[in-house]
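For reference, the chains in residue letters:
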Amino acid sequence: MGLIAAVSVNAAPRDPSRVAAVFPPWWDAGRSLGAGGTAGQIAAVGGAPFIVILRGDPVDLARRARASGALLILDPDLAGVCAPKGALS
């Protein structure tokens, strides 16, 4: 648990209007995308199907992502496993 806490603090989003939302790994891509879409605008899918890169209102994007089921909110540029596979239209 200490490692997760250290990673999440060190990889906190520098820009609160763009975050990598890490949903439960047992969720399929459709469920993760659906949850991410309720939190903000989907910008890309991360390196794993349960990681969704979101854009939105910096005031409440992270809170909305957590409310939709995200376990972690990370900076998409600093979190290696979150590197987007490609932008979505």
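Being a predicted model, the structure only gives us computed values, none of them experimental.

Quick notes on the rules
Residues numbered from 1 in each chain as written. Predicted model: local features only at pLDDT ≥ 70, side-chain atom pairs only at ≥ 80, totals over all residues. Heavy atoms only, no water. Salt bridge = Lys/Arg side-chain N within 4 Å of Asp/Glu carboxyl O. Helix = DSSP H or I, 4+ residues; strand = E, 2+ residues; numbered from the N terminus. Buried < 20%, exposed > 50% of the residue type's maximum accessible area, 1.4 Å probe, protein only. Polar contact = N/O pair within 3.5 Å; in protein donor to acceptor, adjacent residues only side chain to side chain. Contact = heavy atoms within 4.5 Å. Phe/Tyr/Trp six-rings, centres within 6.5 Å; stacked < 30°, edge-to-face > 60°.

**Q** Explain the pattern of salt bridges here, please?
**A** A pair can form between side chains of opposite charge whenever their charged atoms are brought close. Enumeration over the complete set of coordinates arrives at two salt bridges. R18 is paired through a salt bridge with D77; the nearest N and O atoms lie 3.2 Å apart. Taken together, the positions of R18 in strand β1 (residues 18-22) and D77 in the loop between β4 (72-74) and β5 (86-87) put the pair 59 residues apart, joining distant regions of the chain. Salt-bridge contacts for R63 lead to D60; the nearest nitrogen and oxygen are separated by 3.3 Å.

**Q** How do you make sense of the side chain of D75 when you look at a structure like this?
**A** Inspection of the secondary structure assignment puts D75 in the loop between β4 and β5. The class for D75 is buried, based on a relative accessible area of 3%. Among the polar contacts listed, one links the side chain of D75 to the backbone nitrogen of D77, at a separation of 2.8 Å.

**Q** In this structure, what is going on with the environment of A21? I would like to understand it.
**A** When you line up the elements, A21 lands in strand β1. Leave out the neighbours within four places in its chain, and A21 touches F50, I51, V52, L54, A65, A70, L72 and I73.

**Q** Which parts of the structure should I look at to understand the environment of A67?
**A** Along the polypeptide, A67 turns up in helix α3 (residues 61-67). Separated by 28 residues in the primary sequence, A67 and A39 place their C-alpha atoms 7.9 Å from one another.

**Q** Which parts of the structure should I look at to understand the packing of aromatic side chains?
**A** Geometrically, a pair of aromatic rings is defined through the distance of the ring centres and the angle of the planes. Per the stated rule, a full pass over the model turns up one aromatic pair. Summarising the aromatic geometry, the rings of F23 and W27 are spaced 5.6 Å apart at their centres and angled 15 degrees between planes, so their arrangement reads as stacked. When sorted by exposure, F23 lands in the same class as W27, which is buried.

Treat this as a map of the structure, not an account of what it does.
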